[in-house]
Protein chains: 2
Amino acid sequence: MESPKKLQDIKVAVDAVIFGYFDKRDLQILLIKRNIEPFKGGWALPGGLVLDDESVDDAVKRELYEEAGIKPDFLEQLYTFGNLGRDPRNRVISVAYLGLVNPSYHELFADSDAEDAQWFSINKLPSVAFDHKTIIETALKRLRTKIQYQPIGFNLLNEEFPFSDLENLYKTIVGQEIDRRNFRKKIMSYGLLNETNNVKKEGSGRPGKLFTFNKEKYKELEEQGFYFEIK
Amino acid sequence: MESPKKLQDIKVAVDAVIFGYFDKRDLQILLIKRNIEPFKGGWALPGGLVLDDESVDDAVKRELYEEAGIKPDFLEQLYTFGNLGRDPRNRVISVAYLGLVNPSYHELFADSDAEDAQWFSINKLPSVAFDHKTIIETALKRLRTKIQYQPIGFNLLNEEFPFSDLENLYKTIVGQEIDRRNFRKKIMSYGLLNETNNVKKEGSGRPGKLFTFNKEKYKELEEQGFYFEIK
DNA sequence: TCAAAAGTGTTAACAGTACACCCATGT
DNA sequence: ACATGGGTGTACTGTTAACACTTTTGA
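Residues numbered from 1 in each chain as written. Chains lettered and ligands numbered in written order. Predicted model: local features only at pLDDT ≥ 70, side-chain atom pairs only at ≥ 80, totals over all residues. Heavy atoms only, no water.

(A) Molecular detail of the overall build of chain A. Within chain A one finds five helices and ten strands. Projected onto the principal axes, the alpha-carbon positions of chain A cover approximately 65 × 40 × 30 Å. Expressed as a percentage of the 231 residues in chain A, the buried residues total 52%. Across chain A, contacts joining residues at least 24 apart in sequence account for 68% of those joining residues at least 6 apart. Carbon and sulfur atoms make up 46% of the accessible area of chain A, which amounts to about 11,600 Å² in all. Considering chain A, the positive charge centre built from 34 side chains and the negative charge centre built from 37 side chains are found 7 Å apart. (Helix = DSSP H or I, 4+ residues; strand = E, 2+ residues; numbered from the N terminus. Buried < 20%, exposed > 50% of the residue type's maximum accessible area, 1.4 Å probe, protein only. Contact = heavy atoms within 4.5 Å. Areas by Shrake-Rupley, 256 points an atom, 1.4 Å probe, with all protein chains shown as cover. Lys, Arg positive; Asp, Glu negative; His and termini not counted. Charge placed at Lys NZ, Arg CZ, Asp CG, Glu CD.)

This is the structure:
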């Protein structure tokens with residue numbers, strides 16, 4: 001860090017790739033419809049400029065709440081995009097975040113800076129503003145990798161979920177068939193799922209028992225050097 | 001991204017944690033002695049403000065070359081530190097990078113912005129400016145994890161190295177004993193080392209054959225879905 | 001001939017993979 | 001009784017982990 005020779009003129013923004021999941025559907029991404037230039041009327045990742053008196057982490061959280069009414073269950077920094085020409089007006093660098101929510105717990109609503117906020121299937125994305133396509137691809141890649149060695153997928157499911165939801169989630173995100181028996185054995189061997197007395201009500205076929213993920217136990221094990229791993 | 005309500009006043013900097021390794025010594029980190037305020041005369045990570053017309057990636061490379069005469073063999077973005085109060089003067093966010101070099105190929109020299117540039121053992125670090133201690137800890141953690149599933153350690157060794165250097169490197173970085181036979185078997189099973197006709201000259205004991213790391217083959221395998229993994 | 005480091009195989013335990021049928025429910 | 005999805009065990013295969021002596025060189 002040093003004093004600038006002449007005044008630096010770079011703006012700092014945040015953008016968030018928020019994933020949501022509804023059982024047996026594609027993975028979804030949250031986009032907002034811009035109501036200001038540039039790309040007014042176009043879809044983009046939620047985000048915006050960082051304020052002078054807030055941390056970058058706080059900035060994403062604020063923007064997500066302002067633009068879509070969402071407070072993600074999981075949110076971590078993804079990557080900082082710092083190339084030239086990202087924004088047609090000014091030099092803007094963007095600190096991108098990756099977040100996970102359970103959409104059924106979060107009613108979307110668009111506020112001041114956005115005209116609309118919607119879930120889009122990652123397989124049917126509209127074209128998006130700025131370099132947001134690159135950011136989304138980076139996030140997807142990270143999610144696919146990370147879900148295999150950290151139990152972050154549970155943030156996308158209901159508090160109580162049938163085992164099959166977990167199966168479907170992994171199939172959807174990793175994008176390949178899994179062996180139901182082996183997958184269950186592996187997950188169960190960690191002892192991180194608590195069985196509830198409830199069963200899944202809807203749908204046909206035999207009702208599945210509902211489980212919860214034991215976050216506390218995971219933290220404990222993690223501190224003892226335990227590594228969650230799938231596949 | 002949106003228009004600012006009032007003008008945003010945040011500076012964007014880069015900082016680099018550059019690791020170096022000399023066989024059978026601790027892992028080293030490159031620090032520079034600041035010749036400007038704040039912390040003038042104190043040690044700090046190489047880095048500085050990003051210029052308006054360069055990408056963030058280019059900024060680190062420039063600063064590293066200006067401040068220490070170094071062009072790292074491996075360099076990747078680490079994390080962006082965006083809290084308030086990092087710099088006593090202005091609001092500054094810093095995009096931190098992690099780099100690896102083989103110190104014997106890089107003579108350090110301090111240039112304009114630094115009074116001195118030196119290697120420090122990670123076990124005997126002086127106190128460092130700003131929040132650089134946190135940055136260093138983040139980098140170390142990342143290095144220790146990453147070296148176990150990506151063959152980045154070779155960037156710290158000579159082009160031609162005896163197998164024992166690799167052993168010592170892993171012992172040093174991961175910080176635990178390894179089984180020499182199993183380690184060798186594992187590494188050799190990937191077929192990524194080319195045997196040369198040369199042997200290690202210095203030191204006592206039986207001379208070891210020198211190997212080179214086959215970068216091209218690794219890239220090929222990687223594209224086919226191969227994952228390097230140790231332990 | 002001694003000290004120092006390089007080089008090398010086998011076995012046992014464990015983890016991963018492949019694979020198919022019965023069960024509980026609603027209609 | 002049938003359609004739908006839930007729940008389960010075993011045998012095989014590959015991988016990891018534990019373990020110690022011989023070889024080559026320089027002093």
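Now, onward.
(B) Local environment of the protein's contact with DNA strand C. What surrounds DNA strand C is a group of 19 residues, the closest being Asn182 of chain A together with Ser164, Arg180, Lys185 and Arg206 of chain B. Take the atoms of DNA strand C that sit within 4 Å of the protein: sugar and phosphate atoms are 43% of them. Arginine 181 of chain A is positioned such that a nitrogen or oxygen atom in its side chain is 3.2 Å from a base nitrogen of DNA strand C. Interatomic distance of 3.3 Å between a side-chain N/O atom of arginine 206 of chain A and a base oxygen of DNA strand C. Of all the secondary-structure elements, those providing two or more residues to the surface near DNA strand C are α4 (180-189) of chain A together with α4 (180-189) of chain B. In the surface near DNA strand C, the residues fall into two nonpolar, six polar and eleven charged. (Near = heavy atom within 4 Å. Polar contact = N/O pair within 3.5 Å; in protein donor to acceptor, adjacent residues only side chain to side chain. Nonpolar A, V, L, I, M, F, W, Y, C, P; charged D, E, K, R; others polar.)

(C) Structural view of the interface of chain B and chain A. The interface is formed by 43 residues belonging to chain B together with 43 residues belonging to chain A. For the pair chain B and chain A, the two sides together bury roughly 3,600 Å², of which 49% comes from carbon and sulfur. Our count for the chain B to chain A interface comes out at zero salt bridges. In this assembly, chain B and chain A are joined by 15 residue pairs in polar contact (both at pLDDT 80 or more). Looking at the side of chain B that touches chain A, the elements that each hand over two or more residues are β1 (11-21), β4 (47-49), α1 (56-68), β5 (74-81) and β6 (92-101) of chain B. Tallied by class, the residues present in the side of chain B that touches chain A amount to 17 nonpolar, eleven polar and 15 charged. (Buried area = accessible area lost by both parts, 1.4 Å probe. Salt bridge = Lys/Arg side-chain N within 4 Å of Asp/Glu carboxyl O.)

(D) Representation of the protein's contact with DNA strand D within the structure. Taken together, 19 residues are adjacent to DNA strand D, and Ser164, Arg180, Gly205 and Arg206 of chain A together with Arg206 of chain B come closest. Backbone atoms, meaning sugar and phosphate, make up 42% of the atoms of DNA strand D lying within 4 Å of the protein. A distance of 2.8 Å separates a base oxygen of DNA strand D from a polar atom in the side chain of lysine 185 of chain A. The separation between a base nitrogen of DNA strand D and a polar side-chain atom of lysine 185 of chain B is 3.5 Å. For the surface near DNA strand D, the secondary structure elements donating two or more residues are α4 of chain A together with α4 of chain B. Class assignment for the residues of the surface near DNA strand D results in two nonpolar, six polar and eleven charged.

(E) Geometry of the packing of helix α3 (residues 163-174) of chain B against α4 of chain B. All names here are of chain B. At their nearest, the axes of α3 and α4 sit 11 Å apart, and the two run at 110 degrees to each other. Comparing the axis directions of α3 and α4 gives the class roughly perpendicular. Within the contact between the two elements, α3 uses Phe163, Leu166, Glu167 and Tyr170 and α4 uses Arg180, Phe183, Arg184, Ile187 and Met188. Of the residues that constitute the contact of α3 with α4, the class distribution is six nonpolar, no polar and three charged. (Axes fitted to C-alpha atoms, helices over the stretch in contact; angles between N-to-C directions. Parallel < 35°, antiparallel > 145°, perpendicular 65-115°, else oblique.)

(F) Spatial organisation of the sheet that holds strand β10 (residues 209-213) of chain B. Strand order in the open sheet formed by three strands is β8-β10-β9 (chain B), with antiparallel pairing between adjacent strands. What marks the edges here is a single partner per strand, and that holds for β8 (161-162) and β9 (193-199) of chain B. (Pairing = 2+ DSSP bridges.)

(G) Structural context of the sheet that holds strand β8 (residues 161-162) of chain A. All names here are of chain A. Read across the open sheet, the three strands follow the order β8-β10-β9; overall the sheet is antiparallel. Both outer strands of the open sheet, β8 and β9 (193-199), are each paired with one neighbouring strand and no more. Examined bridge by bridge, β8 and strand β10 (residues 209-213) share two bridges and lie antiparallel to one another. Bridge pairing in β10 links proline 162 to leucine 210.

(H) The arrangement of the pattern of salt bridges in detail. Tallying each qualifying case throughout the model produces 21 salt bridges over all chains. The partner of arginine 180 of chain B in a salt bridge is glutamate 167 of chain B, with the nearest N and O atoms 3.4 Å apart. Here glutamate 167 of chain B lies in helix α3 and arginine 180 of chain B lies in helix α4, a separation of 13 residues in the sequence. Via salt bridges that share partners, Glu54, Arg62, Glu63 and Glu66 of chain A belong to a single interconnected network.

(I) Quick look at the environment of leucine 169 of chain B. Residues and elements named next belong to chain B. On the secondary structure map, leucine 169 appears in helix α3. The class of leucine 169 is buried, set by a relative accessible area of 0%. In the structure, leucine 169 is positioned 140 residues away from isoleucine 29 in sequence and 15 Å away in space, judged by C-alpha atoms. With near-sequence residues (within four places) excluded, leucine 169 lies in contact with Tyr21, Gly153, Leu156 and Leu157.

That is the geometry; function is a separate question.
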